[in-house]
Amino acid sequence: MVFYTHDFLGKPALVVGERCSQHNQGSTLLWGSCYPDAPRVFVSQDELAAMWGKGERKWLFAQDTNQPKAEQLLAGRLYPVESIADKALWTDRPLR
């Protein structure tokens, strides 16, 4: 899952997962995240849940395999924006 703050075009994305972990299989960011000087772009599920709905608007993008995980983690706090094929985009508050 990829998580963005309100100004997601000007700020780096945060990826939900563990930094430099075997559990992030398939992520192209995994290998680079193992370097000590790598930027901190991974947040845990607990960190995401704690910041979701607070401060500036948040966005969450997930492909089909991660959508149930997002829906379970942020149950009742996801607002659908768009769904195309196997991808979904949510925000943390109503758009209007």
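See the structure above.
Residues numbered from 1 in each chain as written. Predicted model: local features only at pLDDT ≥ 70, side-chain atom pairs only at ≥ 80, totals over all residues. Heavy atoms only, no water.

## Structural notes on the packing of aromatic side chains
In this structure the tally under the stated criterion is zero aromatic pairs. Its guanidinium or amino end placed over the ring of W59, R57 lies 5.8 Å from that ring's centre, counting from NZ or CZ. (Phe/Tyr/Trp six-rings, centres within 6.5 Å; stacked < 30°, edge-to-face > 60°. Lys NZ or Arg CZ within 6 Å of the ring centre and 35° of its normal.)

## Some words on the pattern of salt bridges
Across all of its chains, the model carries two salt bridges by this definition. The shortest N-O distance in the salt bridge between K87 and D86 comes to 2.8 Å. By relative accessible area, D86 is classed as partly exposed at 27%. For D92, the salt bridge is made with R93, and the minimal N-O distance between the two is 2.8 Å. For R93, a relative accessible area of 23% puts it in the partly exposed group. (Salt bridge = Lys/Arg side-chain N within 4 Å of Asp/Glu carboxyl O. Buried < 20%, exposed > 50% of the residue type's maximum accessible area, 1.4 Å probe, protein only.)

## What about the pairing of strand β5 (residues 79-84)?
The buried count for β5 comes to zero of six residues, which makes it a mostly uncovered element. Connecting β5 to the next strand, strand β6 (residues 87-91), in antiparallel fashion are two residues, including A85 with a positive phi near 55 degrees. (Helix = DSSP H or I, 4+ residues; strand = E, 2+ residues; numbered from the N terminus. Pairing = 2+ DSSP bridges.)

## Considerations on the side chain of T91
By the element assignment, T91 lies in strand β6. Among the polar contacts listed, one links the side chain of T91 to the backbone oxygen of K58, at a separation of 2.8 Å. If we ignore the near neighbours within four places in the chain, the residues touching T91 are W52, R57, K58, W59, R77, L78, Y79 and V81. (Polar contact = N/O pair within 3.5 Å; in protein donor to acceptor, adjacent residues only side chain to side chain. Contact = heavy atoms within 4.5 Å.)

On their own, these measurements won't tell you what the molecule is for.
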